[in-house]
Each structure stands twice: as structure tokens, then as C-alpha cells.
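Letter by letter, the chains look like this.
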Amino acid sequence: MEKRIYHTAIPGIRTALFIIVGCQWFMAHAQTLKTGSLKYLMASNGFNGCIALGKDIGTLPYGKLTYLDGDSRIDADSCIKYAYNEPYAFTLGDSIDLDMVAVRAYKDSIVNIYLFFNLSDAYKVLKKFISLYGQFTEKPDNYSDIYNWNSSQVSLSLRYQCKADLGVAIFTCKKLEAEIEADKQRAIRRYYKQALSLNY
């Protein structure tokens, strides 16, 4: 009986250790990186050292992903969205609790990481990102709360939605984003070629 309990507990223990060690490794190496710059955004390549852009979705702990809003269908970009149900990931800095963490995968590779937070924490989130990644590189519209950090490999967009009383930060892997666009263009060309061949 004790052996059975021990063996069923092993996967959960392994998952917890993986997360703890991964986060500690990131934090140890993050100390050598210079915060407050886009280089830090590129080197971090994700969120909290626990979710990395471009990595296989299978690298996230087993059993911690569920389909976002229960929807398992692919979106217009052939991506699937997942909610990441890991309590360790639900903090941004020391005083910001996130409402939800989600990821979007393309061909099983993580292309986006979404951090959802309460609008009351909007200023704290902006301040935290500026301390980590430096001044935002773009504010597309002076009349809406959108702040973008663009590097050659990773982008981050911080957006506030007053009507929903919600804010979201979106990390994006630019290489995968370009791959999605290229695949869409190839699919469009194939479609038109097929359509033309049917007409002649």
C-alpha cells in the first residue's frame, strides 16, 4: 500500500522539482544579465524562467495545461490556446498576482505567452516591465493604453482593456510568427492555384 502511494506521488514530485530547479536556474543566470534593456527581454525568451518561447509545448509540466475556454479547435493561424494551471507562474514580481497565464502553440511550439491581470495592477505591471526590459519602444496610439517592446527575436505587448477591467501582456516569438505568416501565404497560393486549375 505504501509503495503504491509512493509510486503515484513520484510524477507530482518530479514536476514540482522541475519547476523549482528551472526557476532557480533562470534566476541565477538572470543576475548576470543586465535588466532594464531589450537584451534582457531576448535572453529571458519567455516568462518567469518557466515558460520559454519557441519550445515544445510538451516541455511544460504534464497535466498543467487545459484548452483555453474549453476550446480545442485551431484558430485562424492554425494555433491552439491553452490555460497554464501552475500556481508558481501566477506572480509577476513581488506584489502582482496574475489572474491567468495562457500559451498559444503552433505545431506544438510555443508562439505566445499571455499574462492576464486585474486593471488595478496596470501601473505596477508597466513599471515592472520598464524595470526589466527598459523603456517601451513603441506606443502606437496616444489615446489607448498599448505599450510595445520590440527586439529582433521577441516582442512584448502590454494592453489594457477598460471595458473588461482587464489587462494582458503578450510575449511573442518572432521567428514562429514569421513562420505562421509564411505558411498562410503558401496556403493562399495553393488555394488560388487549385481554383484556377478547376476553371480551365
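Predicted model only: the values in this text are computed from it and were never measured. (Residues numbered from 1 in each chain as written. Predicted model: local features only at pLDDT ≥ 70, side-chain atom pairs only at ≥ 80, totals over all residues. Heavy atoms only, no water.)

**Some words on the pattern of salt bridges**
Selection rule: Definition used for salt bridges: Asp or Glu carboxyl oxygen within 4 Å of a side-chain nitrogen of Lys or Arg. Secondary structure elements are defined from DSSP: runs of H or I of at least 4 residues count as helices, runs of E of at least 2 residues count as strands, and each element is numbered from the N terminus.
For the structure on display, the rule yields eight salt bridges. Across the salt bridge formed by Asp 77 and Lys 184, the nearest N and O atoms sit 2.9 Å from each other. Taken together, the residues Asp 77 in the loop between strand 3 (65-67) and strand 4 (79-84) and Lys 184 in helix 4 (residues 174-199) connect sequence positions 107 residues apart. Residues joined in a network through salt bridges with shared partners are Asp 75, Asp 77, Arg 104 and Lys 184.

**Here we look at the nonpolar core**
Where a protein is soluble and globular, its nonpolar side chains tend to be buried together. Worth spelling out the cut-off: Note on terminology: a nonpolar core comprises buried Ala, Val, Leu, Ile, Met, Phe, Trp, Tyr and Cys residues joined through side-chain atoms within 4.5 Å. Three exposure classes are used, based on accessible area relative to the maximum for each residue type with a 1.4 Å probe and protein chains only: buried under 20%, partly exposed in between, and exposed over 50%. Note on contacts: a residue pair qualifies if any of its non-hydrogen atoms lie within 4.5 Å across the two residues.
In terms of nonpolar packing, the biggest core is built from 43 residues, with Ile 113, Leu 115, Phe 129, Tyr 133, Trp 149, Leu 158 and Phe 171 touching the most fellow members. The biggest single contributor to this core is helix 3 (residues 122-133), with six residues. When neighbours within four sequence positions are excluded, Phe 129 is seen to be in contact with Leu 92, Leu 115, Gly 134, Trp 149, Leu 156, Leu 158, Ala 169 and Phe 171. Core analysis: the second largest hydrophobic core is formed by seven residues, Ala 83, Tyr 114, Phe 116 and Val 168 among them.

**Side note on the packing of aromatic side chains**
We count it as follows: Centres within 6.5 Å are what make two rings of Phe, Tyr or Trp a pair, Trp counting through its six-membered ring; a difference in plane orientation under 30 degrees is then read as stacked, over 60 as edge-to-face, and the rest as tilted. Put simply, a charge is over a ring when the Lys NZ or the Arg CZ is close to the ring centre, within 6 Å, and near the line of the ring normal, within 35 degrees.
One pass over the full model with this rule turns up eleven aromatic pairs. Aromatic side chains Tyr 133 and Phe 171 sit 6.4 Å apart centroid to centroid with 85° between the ring planes, which places their arrangement in the edge-to-face category. Remark: Phe 171 occurs in strand 11 (residues 166-173) and Tyr 133 occurs in helix 3; sequence separation between them is 38 residues. Each member of the pair, Tyr 133 together with Phe 171, is buried. In this structure an aromatic cluster arises from ring pairing among Tyr 40, Phe 117, Phe 129, Tyr 133, Phe 136, Tyr 147, Trp 149, Tyr 160 and Phe 171. Directly above the ring of Tyr 147 sits Lys 139, whose terminal nitrogen or CZ lies 5.0 Å from the centroid.

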